Amino acid sequence: MVRVTTPGVRLLPNAITVLALCAGLSAVQFALTRNYAMAIASIGIAAVLDSLDGRIARLLDATSKMGAELDSLSDGISFGVAPALVIYVWQTGADRIGWVASLIFAVCMILRLARFNTLLDDTEQPPYASEFFVGVPAPAGGLLAMLPLVASLQWGSGWWSSQYVVWAWTIAIAALLISRIPTLSLKTVKAPAKAIAPLLIGVALLAAAIIQFPLVALVVAMILYLAHIPYSIKRHRWLAAHPEAWTVPPRERRAIRRARSSRRLGLRPPLRRRVAGAAMRAVRLPRAGETVRTPRGSENGQGPRRRSWRQIGLRRK
């Protein structure tokens, strides 16, 4: 069946991208009027819209080269230029070091997006590469850069609102953007059928937390995202070292991981109705039709000798 896509439907993903661009630019306007809560909300809305435009384009079969380029330009402004200007305005803009840090963040965001576009055309990547981003993605980087501002709005001024701490944090996030650190991609995460109900409950609890405590929920989400990076690095290294797990589902990957760990520890899988080692020959019962050897000394009427713990191969407690 051939799917017919009307011009209006093909325009929908690009319209969502433009809305994300407008939301990112509106964050700068809110920062100039000292409305920092709305500035953070605008960047958050831009992140949500950015996650929708690509999925809608693939769902409607409306992907295009123009849409991909427009998406990259929108991400560069919404998550690179806008957060840098918001943080600079928040810190009064009196420090030259602050402007340099803002420039570094915006430039690193553009470089990260340029590298992302080049990796899309790379056909020599291993199959598991689609499960990871190279570096922190643009929406996450834009929100992470605003963590000191979010903490200041929630708990007031503190060490986290110091100029030097803010600029050091901004440069650190910029370094994560252009780094080669693998981070998990939610696009390839598949939930099993048994986990659907708990996930829906978790989504409801998350929505309630965002409604009641939006800033605290955002801080917790950022910290959890940073905490997942060591796990992502470990998972990437494990997949690189085990090609047999590249094309198998997650359940079989866990089985391979457990088998590898048991071999590394020198353990053996349990045997049914048997005893491992030399003790197996000493205690197992004879099978049907099997001749039983007569122990030494039974011919002379002395009866079978009692085996010591050394002969059986066991250790004394």
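Residues numbered from 1 in each chain as written. Predicted model: local features only at pLDDT ≥ 70, side-chain atom pairs only at ≥ 80, totals over all residues. Heavy atoms only, no water.

**Student:** Would you mind showing me how to read the packing of helix α4 (residues 96-120) against helix α5 (residues 138-145) here?
**Tutor:** Angle between the axes and distance between the axes are the two parameters that describe a pair of packed helices. Interhelical geometry of α4 versus α5 gives an angle of 165° and a closest axis separation of 11 Å. Relative to α5, the element α4 is oriented roughly antiparallel. Here α4 and α5 pass one another in a crossing that is right-handed. On α5, the residues touching F105, M109, R112 and L113 of α4 are A138, G141, G142 and A145. Along the lines of polarity and charge, the residues of the contact of α4 with α5 split into five nonpolar, two polar and one charged. (Axes fitted to C-alpha atoms, helices over the stretch in contact; angles between N-to-C directions. Helix = DSSP H or I, 4+ residues; strand = E, 2+ residues; numbered from the N terminus. Parallel < 35°, antiparallel > 145°, perpendicular 65-115°, else oblique. Left-handed = near helix turned anticlockwise from the far one by under 90°. Contact = heavy atoms within 4.5 Å. Nonpolar A, V, L, I, M, F, W, Y, C, P; charged D, E, K, R; others polar.)

**Student:** Can you walk me through unusual backbone geometry in this structure?
**Tutor:** Keep in mind that most residues, glycine aside, have a negative phi and that most peptide bonds are trans. You will see that R34, though not glycine, has its phi angle at about 65°, which is positive. Following the sequence through the fold, R34 ends up in the loop between α1 (7-32) and α2 (36-59).

**Student:** I tried to follow a positive patch on the surface on my own but got confused; where do I start?
**Tutor:** Side chains of K234, R254, R257 and R258 sit close together on the surface and give a patch of like positive charge. Here R257 shows up in helix α10 (residues 250-265). (Patch = residues over 30% accessible without salt bridge, like charges linked within 9 Å, V, L, I, M, F, W, Y side chains within 5 Å. Areas by Shrake-Rupley, 256 points an atom, 1.4 Å probe, with all protein chains shown as cover. Salt bridge = Lys/Arg side-chain N within 4 Å of Asp/Glu carboxyl O. Lys, Arg positive; Asp, Glu negative; His and termini not counted. Charge placed at Lys NZ, Arg CZ, Asp CG, Glu CD.)

**Student:** Please clarify how the pattern of salt bridges should be interpreted in this entry.
**Tutor:** Close approach of charged atoms lets side chains of opposite charge pair. Per the stated rule, a full pass over the model turns up two salt bridges. A salt bridge links E131 to R235; the nearest nitrogen and oxygen atoms lie 3.2 Å apart. With E131 in the loop between α4 and β1 (132-134) and R235 in helix α9 (residues 214-241), the pair connects residues that are 104 residues apart, well separated along the chain.

**Student:** Would you mind going over the packing of aromatic side chains with me for this structure?
**Tutor:** When we look at a pair of aromatic rings, we describe it by the centre distance and by the angle of the planes. One pass over the structure, following the stated rule, counts two aromatic pairs. A ring pair is formed by Y88 and W99, whose centres lie 5.1 Å apart and whose planes are at 65°; its orientation type is edge-to-face. Taken together, the positions of Y88 in helix α3 (residues 65-90) and W99 in helix α4 put the pair eleven residues apart, joining distant regions of the chain. The class for Y88 is buried, based on a relative accessible area of 19%. A relative accessible area of 37% means that W99 is categorised as partly exposed. For the pair W159 and W160, a centre-to-centre distance of 5.7 Å together with 75° between the ring planes defines the contact as edge-to-face. Overall, the relative accessible area of 63% leaves W159 in the exposed class. According to the relative accessible area criterion, W160 is partly exposed, its value standing at 22%. (Phe/Tyr/Trp six-rings, centres within 6.5 Å; stacked < 30°, edge-to-face > 60°. Buried < 20%, exposed > 50% of the residue type's maximum accessible area, 1.4 Å probe, protein only.)

**Student:** Hey, could you run me through the nonpolar core in this one?
**Tutor:** Soluble globular proteins tend to bury their nonpolar side chains together. Within the largest apolar cluster, 39 residues are counted, with the highest numbers of intra-cluster contacts made by F79, V86, F105, M109 and L149. Secondary-structure elements contributing two or more residues to this core are α1, α2, α3, α4, α5, α6 (147-155), α7 (163-178) and α9. Looking at this core element by element, the count peaks at seven residues for α3. Listed in part, the eight residues of the second largest apolar core include F132, L184, L239 and I256. (Core = buried A, V, L, I, M, F, W, Y, C linked by side-chain atoms within 4.5 Å.)

**Student:** Sorry if this is basic, but what is going on with the confidence of the model for the chain here?
**Tutor:** Do not read the predicted coordinates in detail wherever pLDDT is low. The pLDDT averaged across the chain works out to 79; a share of 76% of its residues lies at or above 70. Note that residues 272-285 has pLDDT below 50 and, in this model, eleven contacts with residues that lie over four places away or in other chains. (pLDDT = per-residue confidence, 0-100.)

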